[in-house]
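For reference, the chains in residue letters:
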Amino acid sequence: MKAAESDRIYTSPSDLYRKKWDWDAVYWGTHCVDCYPGNCPMRVYVRGGQVWREEQSGSFQTIEPGVPDFNPMGCQKGASWSQSLYGPDRLLYPLKRVGERGEGRWNRVTWDEALTDIADRMIDAIEAGGPSSIAHEGTPEMATVIPTNKFFSTLGGHGLDLNGSINDFSIGLYETFGRFSQVSSADDWFHSEVVLIWHMNPIYTRIPFYHFIAEARYNGAEVINISPDVNPSHLHADIQVPINGGTDPAFGLALVQVILEEGLANWKFIKEQTDLGFLVRTDTRRYLRQADVEGQGPEDQMYQWAVGSGIRKADRANIFLKDVDIALEGTFDVQLKNGSTVQVRPAYDFLKQHLNEKYTPEKQQPITGVHPDVIRTIARKCATKRTNIMLGYNACKFYHGDLMERAQALLLAVTGNWGKKGTGIRCWASGMHDGAFIAVNKPGPGAANTEIVLSGRDAAIAAFKQMDPTATTEIAVKRMGQMSEKLQRSPGGLGGMLSGGDDGESSAHPNASTSSPPAFWWYWQANYQERWNTPGWGDDSLPRSFDEYFNEAISKGWWEGMDHPRPEDPPRVLIECGGNMLRRTRGGKRRSSTPSGRSWTSSSRSTSASARRASTATTSSLRPSITKRSASTSRRRTS
């Protein structure tokens, strides 16, 4: 007969250690949280109905012979995630605020009381101001994305743009490439010969994938860490570049200057795969367009100068030159539709002149603090070796962060480090029809349903290309995104559009869903105009104040239909689920606790659904708890 637990005699700490390896069942699980790459396959060990421990699995197959695989995919944070299930800050029941906002006084209420109160407030808000008077913020946590999206697709509401809220949006890459994820998977890092860790700290933030960088280094690659601080990733770097914070554009442009000046550029790639060969008018400094030459035509029809034959249209669908040589330097005369003549130069010519005037290695040193010899050394390596840039979610949170990313993209462009193994730049964003957006349109779990939504996306892209045969996939996806302001929460989503449903433009939308960049929320509902107009807190090189630019954009209708919620129509209910608005937004918590924090003092009700005591929850009216499961997508039990 098995002795009772209380009758056991423990002779040493090893007895407790052995007990750790006892379990009743093992499950497959993962963590659907805001973690990238996220969803690592975990083995979840359960004993007595509780998660006892977790560990990474080794279930991935080899993708490419001779290249390390992804096993075991996971990290220390994931392996200890189950501790949050039973941690002291875990919320197990709803709380209702009884004091002033931010005071921290709460009473426990029943689920029926909490849900009834929330529902009543939402009904009151809809009756008074329509569904758009209920505001909610997006989240990349897929465990909350799908249920909350389905809820708001039925009810309606006003959503704050996810990428604008979390700022994990590399706009510089979108501006350059027209898509968010334009490179290969992490195991391709093994093929790199130079790895630039630039606005990333992968030893700390890419734990499941960092081994590919270490293995590339064993394979002969050089790792260069570019950062103003001494962080964990510098420990295993071959070169540490201590750069002044925020000066990355000057650093990147100086690298490009050396490559062009020393003739190390990949000229074929520049001519065929970049816009540096497009002609630019010297009078306006704008691209020469078809409307200039012929009086009408698409806005993105550009021109090149063919050596020996003169002006030619650039192929919009594919700019391979097919044995035609184009000029990268020189000044040429072009006759316009109105009969006048203008001078044009290739964009490359302007770029080279600008770099020689302002961004030589010697001229960048007072800005970046980086020695000219370091610039020349790195530039020569990038020009002659397969170079891979590790870009994280840091640059996109800088003012003018898009220029940092565009300087990085330019470095890859002039060296031809694109479209081949071991090259490129990697980041992440909650992409729309080219990324995570399509996941929420799956009619159900499984690969077959994935194929359904991908087929629908491809059909929509094909329809756009049929209307414009020269449109690329990127152009088509952009057009689809422009139509998705309401579709993000419309019944059926993208699938509804493809099956003949609402096109997202009708004013009689069944649930009156709307969305907008969060900047209007913060500006009009939380009085951020004071913060954004404070001298020294923005770009003091701009000739006008923030308000002057903002008011011009509003008066000219540049944000028409997106400039909500407006000051005369404040939200009545704010719902936060899967995020932490006040902690993430700079100054958010201060704004919530001052008289000018309008959105939290004037809203009828704010609700934060969270598994723990987050910053945003402290100013809420109600705090329903979320039953957080470590094995949130558990499917199979194993012995």
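Refer to the structure above for everything that follows.
Throughout, a residue's number is its position along its own chain's written sequence, starting from 1. Selection of residues for local features in this predicted model requires a pLDDT of at least 70, selection of side-chain atom pairs for listing and counting requires 80 or more, and totals for whole chains, interfaces and linings are taken over all residues. Water and hydrogen atoms play no part in the side-chain values, which are based on all heavy atoms of the structure.

Even after reading the chapter, I still don't get the nonpolar core, so can you show me in this structure?
Most often, soluble globular proteins have nonpolar side chains that are buried together. Take the buried Ala, Val, Leu, Ile, Met, Phe, Trp, Tyr and Cys residues and link them wherever side-chain atoms come within 4.5 Å; each set so joined is a nonpolar core. Here's how the labels work: a residue is buried when its accessible area is under 20% of the maximum for its type, exposed when over 50%, partly exposed in between, all with a 1.4 Å probe on protein chains only. Leu-196, Phe-251 and Leu-411 are the most contacted members of the largest nonpolar core, which totals 43 residues. Under the scheme used here, helices are H or I runs from DSSP no shorter than 4 residues and strands are E runs no shorter than 2 residues, and both carry numbers assigned from the N terminus. Put simply, the parts of the chain that give this core at least two residues each are strand 8 (194-198), strand 9 (222-226), helix 9 (248-261), helix 12 (347-358), helix 14 (372-384) and helix 15 (401-415). Examining the composition of this core, we find that nine residues originate from one element, helix 9, more than from any other. We call two residues in contact whenever any of their non-hydrogen atoms come within 4.5 Å of each other. Setting aside residues up to four positions removed in sequence, Leu-196 forms contacts with Ile-224, Ile-226, Ile-378, Cys-382, Thr-387, Asn-388, Ile-389, Met-390 and Leu-411. Ranked by size, the runner-up nonpolar core spans 16 residues in total, among them Phe-70, Trp-189, Met-200 and Met-390.

Is there a simple way to explain the sheet that holds strand 15 (residues 341-346) in this structure?
The strands that make up a sheet pair up through hydrogen bonds in the backbone, lying either parallel or antiparallel. Reading across from one edge, 11-15-14 is the order of the three strands in this open sheet, with antiparallel pairing throughout. Of all strands in the sheet, those with a lone pairing partner are strand 11 (279-281) and strand 14 (332-335), marking the two edges. Between one strand axis and the next, the sheet turns through 45° on average, direction left out of account. In this sheet, strand 15 lies alongside strand 11 in antiparallel orientation, the contact comprising three bridges. Bridge pairing links Arg-281 to Val-344 in strand 15. Between N-to-C directions, angles cover 0 to 180 degrees, with each direction set by a line fitted to C-alpha atoms, over the stretch in contact for helices. Against the sheet, helix 12 contacts strand 11 and strand 15, and its axis sits at roughly 65° relative to strand 15. What makes two strands pair is DSSP finding at least two bridges between them.

Sorry if this is basic, but what is going on with a nonpolar patch on the surface here?
Two distance rules govern patches: like charges are joined within 9 Å, and nonpolar side chains (Val, Leu, Ile, Met, Phe, Trp, Tyr) within 5 Å, applied only to residues with over 30% relative accessible area and no salt bridge. The Shrake-Rupley method, run with a 1.4 Å probe sphere, supplies the accessible areas, and residue values consider only the shown protein chains as cover. We count a salt bridge whenever a side-chain nitrogen from Lys or Arg sits within 4 Å of a carboxyl oxygen from Asp or Glu. Taken together, the side chains of Tyr-17, Trp-21 and Trp-23 present a nonpolar region at the surface, about 330 Å² in accessible area. By relative accessible area, which is 35% here, Trp-21 ends up partly exposed.

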